[in-house]
Amino acid sequence: MTDPTLQDLPQPRRGHDGGIDTGPRNVELDRQNPDLITPPETDHGTVPNLKFSFSMAHTRIEEGGWTREVTQRELPIATTLAGVDMKLNPGTYRELHWHKQAEWAYVLEGSCRIGAVDQEGRNFLDEVSEGDLWFFPKGIPHYIQALDKGVEFLLVFDDGDFSENSTFMVSDFFAHTPKSVLGKNFGWTPEQMQRLPEKEKYIFGGQVPPALESDRVVSPSGDVPRTFKHRMRAQPAMQFPGGSVRITDSSVFAAATTISAALVEIEPGGLRELHWHPTDDEWQYYISGFGRMGVFAASGLARTFNFQAGDVGYVPFAYGHYVENLGNEPLVFLEMFRNPRFEDISATQWLANTPPQVGADTLNVPRSMIEALPKDKHPIVR
Ligand code: MN
Ligand code: MN
């Protein structure tokens with residue numbers, strides 16, 4: 001190797017095998033994906049792609065904000081859930097709308113006001129900030145408005161085919177309804193309707209709203225029976241030697257009937273243990289840090305992917321996997337499931353609670369090694 005710029009680049013070689021990539025290469029992507037360039041020797045066969053970055057997604061730039069999405073079109077294996085990353089500047093609205101899918105959201109930065117009205121006319125109005133989440137059931141109309149610092153949030157929908165570009169918006173609905181019908185429906189005169197939008201507004205600028213209490217509308221039907229807001233990061237975390245986990249499912253957030261989640265923080269050197277999920281595919285969003293996920297797909301098939309902030313990972317139902325922090329800062333990510341309950345199977349807990357001779361005979365190890373395994377769950381180890 002004579003070119004010094006090649007010295008510290010990941011190279012497709014392992015021991016005496018492989019070689020140096022001196023040809024055209026996308027160095028930034030190679031640095032982000034060392035386990036694709038030089039996979040662990042245990043990787044084998046063809047496992048479908050399980051990674052897509054929001055940085056590779058089309059960005060829709062609007063008045064007062066922007067948005068991009070990772071759906072089944074970007075990541076074909078992700079059939080159960082789809083995600084949207086959205087930023088709204090101070091005062092900016094995400095227009096009054098509804099959709100066929102339920103919406104789960106996690107606030108990444110800043111804060112916003114969210115409002116909804118249900119099928120009984122019961123209303124909901126609240127504010128969420130970093131670490132909080134919300135859940136709107138399918139078909140329930142809602143809006144979002146950024147507060148004085150602006151807001152960025154992750155939206156997750158319970159259908160991989162969802163698109164943020166095909167929601168039902170009030171401006172679009174009214175623009176495609178005859179004015180005579182709108183007039184009859186709402187009791188409005190033609191003069192009053194002169195400035196109705198001619199097409200959807202979607203994301204558009206506005207003034208930061210007044211204090212929450214002064215903005216409330218009292219519905220004769222009352223408030224929604226179950227709040228659509230949950231303070232996920234305010235939940236006490238389960239602490240483990242290698243990191244912490246917060247699980248938010250319908251057992252702690254009753255309104256979230258179709259999506260459950262875990263917020264995982266893995267310390268440097270820590271490992272989200274070998275496990276799988278007995279009910280559903282897993283959709284991941286990486287918030288910070290750098291790490292890798294190894295996935296086992298049965299029949300000798302295994303593949304490893306690297307992740308950092310803004311990346312989406314996916315694990316098909318039942319596939320064995322682990323997530324390892326490879327960096328010097330905590331690896332923080334969300335795991336989401338299209339299920340009201342969070343469930344996982346720990347390989348350690350499984351072996352520890354099976355007669356130890358079975359594990360010893362299967363793995364060719366002394367019985368004492370199996371007996372030493374912890375019988376309770378340790379999702380993150382070091
Ligand atoms: Mn929505
Ligand atoms: Mn998992």
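The preceding data block contains the structure.
Residues numbered from 1 in each chain as written. Chains lettered and ligands numbered in written order. Predicted model: local features only at pLDDT ≥ 70, side-chain atom pairs only at ≥ 80, totals over all residues. Heavy atoms only, no water.

**Looking at the sheet that holds strand E22 (residues 311-315)**
Next, step 1: Taken in spatial order, the seven strands line up as E3-E22-E19-E24-E17-E16-E15 in an open sheet, and their pairing is antiparallel. Looking along the sheet, the strands with just one partner apiece sit at the ends: strand E3 (51-53) and strand E15 (238-240). Taken pair by pair, the neighbouring strands of this sheet meet at an average axis angle of 20°, ignoring direction.
Next, step 2: The pairing of strand E19 (residues 282-288) with E22 spans four bridges and is antiparallel. The residue bridging Glu282 from the neighbouring strand is Val315, located in E22. (Pairing = 2+ DSSP bridges. Helix = DSSP H or I, 4+ residues; strand = E, 2+ residues; numbered from the N terminus. Axes fitted to C-alpha atoms, helices over the stretch in contact; angles between N-to-C directions.)

**Some details on the nonpolar core**
Next, step 1: Grouped together as the largest cluster of nonpolar side chains are 55 residues, with contacts concentrated most on Trp104, Trp134, Leu154, Trp283 and Met336.
Next, step 2: Once residues lying within four places of it in the same chain are set aside, the contact partners of Trp104 are Leu133, Trp134, Phe135, Leu154, Leu155, Val156, Ile259, Ala261, Leu334 and Met336.
Next, step 3: Among the nonpolar cores identified, the runner-up in size contains 20 residues, and Met293, Val323, Phe337 and Ile380 belong to it. (Core = buried A, V, L, I, M, F, W, Y, C linked by side-chain atoms within 4.5 Å. Buried < 20%, exposed > 50% of the residue type's maximum accessible area, 1.4 Å probe, protein only. Contact = heavy atoms within 4.5 Å.)

**Quick word on the coordination of the manganese ion (ligand 1)**
Next, step 1: Looking at the manganese ion (ligand 1), one finds its protein donor set to be His97 (NE2), His99 (NE2), Glu103 (OE) and His142 (NE2), positioned 1.9 to 2.2 Å from the metal centre.
Next, step 2: Every donor residue of the manganese ion (ligand 1) comes from the same chain, spaced as H-x1-H-x3-E-x38-H.
Next, step 3: We classify His97 as buried; its relative accessible area is 2%.
Next, step 4: Given the relative accessible area of 3%, His99 is considered buried. (Donors = N, O, S within 2.8 Å, 3.2 Å for Na, K, Ca; no water.)

**Notes on the environment of His99**
Next, step 1: For His99, the position within the fold is in the loop between strand E7 (93-98) and strand E8 (103-117).
Next, step 2: Sequence separation between His99 and Ser250 is 151 residues, and the spatial gap between their C-alpha atoms is 21 Å.
Next, step 3: Apart from the residues lying within four places of it in its own chain, the contact partners of His99 are Lys138, Gly139, His142, Phe157, Phe162, Thr167 and Phe168.
Next, step 4: A polar atom in the side chain of His99 sits 3.4 Å from the side chain of His97. (Polar contact = N/O pair within 3.5 Å; in protein donor to acceptor, adjacent residues only side chain to side chain.)

**Section: the side chain of Glu265**
Next, step 1: Note that Glu265 resides in strand E17 (residues 260-266).
Next, step 2: One polar contact links Glu265 to Arg233, side chain to side chain, over a distance of 3.1 Å.
Next, step 3: Residues in contact with Glu265, not counting those within four places in the same chain, are Arg233, Gly242, Gly243, Ser244, Arg246, Leu331, Val332 and Ile380.

**Concerning the pattern of salt bridges**
Next, step 1: Inspection of every chain in the model, using the stated rule, returns 24 salt bridges.
Next, step 2: One salt bridge in this structure joins Asp161 and Arg73, with 4.0 Å as the shortest N-O distance. Separated by 88 residues along the polypeptide, Asp161 in the loop between strand E11 (142-157) and strand E12 (168-169) and Arg73 in the loop between strand E5 (65-70) and strand E6 (82-88) bring together distant segments of the chain.
Next, step 3: For Asp161, a relative accessible area of 48% puts it in the partly exposed group.
Next, step 4: We classify Arg73 as partly exposed; its relative accessible area is 46%.
Next, step 5: Linking Arg341 and Asp249 is a salt bridge whose minimum nitrogen-to-oxygen distance equals 3.2 Å. Residue Arg341 is found in the loop between strand E24 (331-337) and strand E25 (345-346), and its partner Asp249 is found in the loop between strand E16 (243-248) and E17; the two are separated by 92 residues along the sequence.
Next, step 6: Accessibility expressed as a relative area gives 3% for Asp249, which makes it buried.
Next, step 7: Taken together, the salt bridges that share partners define one network made up of Arg272, Glu335, Asp344 and Lys377. (Salt bridge = Lys/Arg side-chain N within 4 Å of Asp/Glu carboxyl O.)

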